[in-house]
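Per-entry structural report
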Amino acid sequence: MAPRQISNRGAGLSAAAWERMTVQPPSMPFEPGPPKQSAYDVLDTECEGWSTDRFTMRAASVRGDSHRWPRRSKPRQDCVRATVYERTGTLVFAVADGVSGAVHSEFGSREACRTAVETLVEQLARGGEIDLGAVVQNAVGRLVELTQWRLGRQPDEAPTTKEVSDLFATTLVTGIVQPTRDGDCFVDLCRVGDSGAWALDRSRAPYDPELYTPLFATKTGAGKKFVSNRVAALPQLPAELERVQTQLAQRETLLIGTDGFGDPLGDGDGEFGAMFAEQLHTPPAPLWFAHVLDFSRETFDDDRTLLAVWPLRGQR
Amino acid sequence: MPDVKGVLLPAYVLADESGSMGPYRRELSDGLLSLCEALRAEPMIAAKLRLAVLGFSEDVQVRLAIADMRTETTVPQVTIRGVTNYGAVFNDLLYRIPADVQWLRGQGYKVHRPVVFFLSDGQPTDGNGWRTTHATLVDKAQTPAAPNIISCGIGDAKPATMIDVATSEQFAFVARPGVSIGAAISEFFAALVSSLVESGQALNTANPTLVVNRPDQFTMAIDEV
């Protein structure tokens, strides 16, 4: 039987349109290697995007070149999850960066995100203030459960913190975006580790030093003499949880990202920050959002994950 | 303000060129060649490193000024000569490392704390004269660019001396008794390559930066009391 005719729709589109966006100097192009055998359901890239009548959300997580490199290819260890709590229209999100030294960090980051989102939804359903400390504790509890199962332990044989860390260590940023009656959005979030959050002021020009306002302290900001990547990560908890509550104005876009985005962004007043500000001036299509995040820049080869939120004033 | 072009790890290889290394010149040269070839075969790792090779005896001579190994076309050549003056090494690094770090920053890079791989086959011929300079070099208050030092002793080098040279006891190694010096040199370079590659992988991730692999045929140096 002759093969079915295949549609040639799209054949006329320029492939160049989908070439990786580059910030000089670019990284070298190559065909990625497969992730490890057990990680077949951890895809190279995932993206998501939708709107309510009060905000637009885009999220993507992209495997970095260091994990795509064929001789040492690994699955993407970053993760992002988001949902909307339907009764109040509240965005609930989590972004995590699995520690590369942990054996199954790709599962650690995913389970930490899922647990954080589910816990926040439960808390919102109960009403009252959300308890981000309890959210993080639940994420740790899930990593402990996974470790128990992975090591074949009995329920009363709790694994040590080191055993959990060796298998599933991950950073976590999690929280909510709550639309307010005056048309802005209230943001409440916390983090463990070096993933970050920024407010992008779309009314400012590219290269403006106040184009991006970090919501947490950054590790590569101006004035730091040497760069340290030594970070806290779940299951370890800091003595005091870093928590930020702020209002998001209409002109601002909330960005939650792992260090694969935060490190090249730096202070945000360079070419990289300008490119993202231009691309995120209005919400792009979800696939294009992921494409932008798959930027090419020499030495910046870590997984990169970004969640962006644009407030809407009943414009849908 | 321009973007940060990248975050680099400056790495220094200090090769003992004193007279007693004469019989092992070939192993030293082969080791340096394999190091250069290994980094050229790992362009993504090499992009995050800058490598310098220094030969030392009574003084320090530059065999490779700090370089991007993706584009460097020469292979460092060693010259056997003189005695084993540790003071010359640390005095040179005390000025060289801050200058290199400043230069890399001027090129638009951020810089990880530099790392020094120190290989010697003998005790210092300058007695304890090197210790003051060494202490200044590794004191982050006096030298903000103070490096991490990994020391590997072969031949007559004593464990206690390697411990004093290294910036952590976990970074001090000596060849096992009975292992030929030539074989130990080869193992030193193999471990150096794997340490640099793994450290290069760990850079820009949520992991500590420096990976130090013990060379085969070496043990961690343990001081005798």
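The text that follows walks through the structure, step by step, so that each part is easy to find. (Residues numbered from 1 in each chain as written. Chains lettered and ligands numbered in written order. Predicted model: local features only at pLDDT ≥ 70, side-chain atom pairs only at ≥ 80, totals over all residues.)

1. Things to note about the overall build of chain A
The number of helices and strands found in chain A is 7 helices and 11 strands. Scaling as 2.2 N^0.38, a compact globule of 316 residues should have a C-alpha radius of gyration of about 20 Å, and chain A matches this with 20 Å. For chain A, the spread of C-alpha atoms along the three principal axes comes to 60 × 55 × 55 Å. The long-range share in chain A, meaning contacts at least 24 apart out of those at least 6 apart in sequence, stands at 73%. (Helix = DSSP H or I, 4+ residues; strand = E, 2+ residues; numbered from the N terminus. Rg over C-alpha atoms; globule rule 2.2 N^0.38 Å. Contact = placed C-beta atoms within 7 Å.)

2. Digging into the overall build of chain B
When you go through chain B residue by residue, the secondary structure sums to 6 helices and 8 strands. For chain B, the N- to C-terminal ordering of α and β elements is β-α-α-β-β-α-β-β-α-β-α-β-α-β. Relative to a compact globule of 225 residues, whose C-alpha radius of gyration would be 17 Å, chain B shows 16 Å and is just as compact. The dimensions of chain B, computed from C-alpha atoms along their principal axes, are 55 × 35 × 30 Å. Considering only residue pairs separated by 6 or more positions, chain B has 73% of its internal contacts joining residues 24 or more positions apart.

3. Things to note about the sheet that holds strand β1 (residues 45-51) of chain A
In any sheet, the strands associate via hydrogen bonds between backbone groups, in a parallel or an antiparallel arrangement. All names here are of chain A. The 6 strands lie next to each other as β1-β2-β11-β10-β7-β8, forming an open sheet whose pairing is antiparallel. Edge strands, defined here as strands with exactly one partner in the open sheet, are β1 and β8 (212-214). Going across the sheet, the axis of each strand differs from the next one's by a mean of 15°, ignoring polarity. Relative to β8, strand β7 (residues 196-201) runs antiparallel, the two being bridged by 3 bridges. Each residue of the ladder has a partner; that of Leu200, found in β8, is Tyr212. Sitting on the sheet, helix α7 (residues 286-293) is in contact with β1, β2 (55-62) and β11 (304-311), with an inclination near 135° to β1. (Pairing = 2+ DSSP bridges. Axes fitted to C-alpha atoms, helices over the stretch in contact; angles between N-to-C directions.)

4. A few points about the sheet that holds strand β3 (residues 78-85) of chain A
Residues and elements named next belong to chain A. Pairing is antiparallel in the open sheet, where 5 strands are placed in the order β3-β4-β5-β6-β9. Among the strands making up the open sheet, the edge pair consists of β3 and β9 (242-248). Pairs of neighbouring strands in the sheet enclose a mean axial angle of 15°, with direction left out of account. Sheet contacts for helix α3 (residues 132-150): β5 (172-179), β6 (185-192) and β9; angle to β5, the most-contacted strand, approximately 140°.

5. Structural notes on unusual backbone geometry
Residues and elements named next belong to chain A. Geometrically, the link from Gln24 to Pro25 is a cis peptide bond, its omega value of -10° lying close to zero. Within the secondary structure, Pro25 sits in the segment before β1. Cis geometry marks the peptide bond from Leu234 to Pro235, where omega comes out at 15°. Mapped onto the secondary structure, Pro235 falls in the loop between β8 and β9. A positive phi is found at Tyr207, a non-glycine position, where the angle reads about 75°. Positionally, Tyr207 belongs in the loop between β7 and β8. For Tyr207, a count of 15 C-beta atoms within 10 Å gives the class partly exposed. Positive phi outside glycine occurs at Thr299, with the angle close to 75°. Locating Thr299 in the fold gives a position in the loop between α7 and β11. (Buried ≥ 20, exposed ≤ 12 C-beta atoms within 10 Å, placed from the backbone.)

6. Here we look at the pairing of β6 of chain A
All names here are of chain A. Of all the 8 residues making up β6, 6 are buried; the element is thus mostly covered by neighbouring parts of the structure. Counting the residues between successive antiparallel strands, the hairpin from β5 to β6 contains 5 residues, one of them, Gly183, with a positive phi of roughly 95°. In the sheet, β6 pairs with β9 via 7 bridges, with the strands oriented antiparallel. By the bridge assignment for β9, Leu189 is matched with Val244.

7. Side note on the packing of helix α3 (residues 86-106) of chain B against helix α4 (residues 131-138) of chain B
When two helices pack together, you describe them by how their axes are tilted relative to each other and by the distance separating the axes. All names here are of chain B. Relative orientation of the contacting elements α3 and α4 amounts to 30°, with a least axis distance of 8 Å. As far as their axial angle goes, α4 and α3 are roughly parallel. Pair α3 / α4 crosses with left-handed handedness. Taken together, the residues of α4 that come into contact with α3 (itself represented by Gly87, Phe90, Asn91, Leu93 and Leu94) are Thr133, His134, Thr136 and Leu137. Of the residues in the contact of α3 with α4, the class split is 4 nonpolar, 5 polar and no charged. (Parallel < 35°, antiparallel > 145°, perpendicular 65-115°, else oblique. Left-handed = near helix turned anticlockwise from the far one by under 90°. Nonpolar A, V, L, I, M, F, W, Y, C, P; charged D, E, K, R; others polar.)

8. What about helix α4 (residues 161-168) of chain A?
Among the residues of α4 of chain A, those classed as buried are Val164, Ser165, Leu167 and Phe168 of chain A. Residues of α4 of chain A that are buried sit in contact with α2 (105-126) and α3 of chain A.

9. Some remarks on the environment of Met21 of chain B
If you trace the backbone, Met21 of chain B turns up in the loop between β1 (6-16) and α1 (25-40). Using a count of 26 C-beta atoms within 10 Å as the deciding quantity, one classes Met21 of chain B as buried.

10. A word on the pairing of strand β2 (residues 49-56) of chain B
All names here are of chain B. Counting buried residues in β2 gives 8 out of 8 residues, a clear majority hidden from the surface. By the alternation rule, side chains of β2 split into Leu49, Leu51, Val53 and Gly55 and Arg50, Ala52, Leu54 and Phe56, which are all buried. In this sheet, β2 lies alongside β1 in parallel orientation, the contact comprising 8 bridges. By the bridge assignment, Ala11 is partnered in β2 with Leu51. Hairpin connection, β2 to strand β3 (residues 60-67): the antiparallel pair is bridged by 3 residues.

11. Points about the nonpolar core
Grouped together as the largest cluster of nonpolar side chains are 76 residues, with contacts concentrated most on Leu14 and Leu49 of chain B. At 9 residues, helix α6 (residues 181-202) of chain B tops the list of elements feeding residues into this core. Membership of the second largest hydrophobic core comes to 70 residues, among which are Cys113, Cys190, Trp198 and Val309 of chain A. (Core = buried A, V, L, I, M, F, W, Y, C linked by C-beta atoms within 7 Å.)

12. Quick look at α4 of chain B
Residue and element names in this part refer to chain B. Buried residues of α4: His134, Leu137 and Val138, and no others. All buried residues of α4 lie within an arc of 85° about the axis, which places them on one face of the element. Buried positions along α4 lie against α3 and β6 (148-153). (Arc of directions from axis to C-beta.)

13. Observations concerning the environment of Ser203 of chain A
Along the polypeptide, Ser203 of chain A turns up in the loop between β7 and β8. A C-alpha to C-alpha distance of 11 Å links Ser203 of chain A and Ala249 of chain A, two positions 46 residues apart in sequence.

14. Section: the packing of α2 of chain A against α3 of chain A
All names here are of chain A. Running from amino to carboxyl end, α2 crosses α3 at an angle of 135°, the nearest separation of the two axes being 8 Å. By the angle between their directions, the pair α2 and α3 is classed as oblique. Considering the relative orientation of α2 and α3, their crossing is right-handed. Only Ala134, Val135, Asn138, Ala139, Arg142, Leu143 and Leu146 of α3 make contact with α2, whose side of the interface consists of Phe107, Gly108, Glu111, Ala112, Thr115, Ala116, Thr119 and Leu120. Among the residues making up the contact of α2 with α3, the classes are represented as 9 nonpolar, 4 polar and 2 charged.

No statement about biological role is implied by the geometric values presented.
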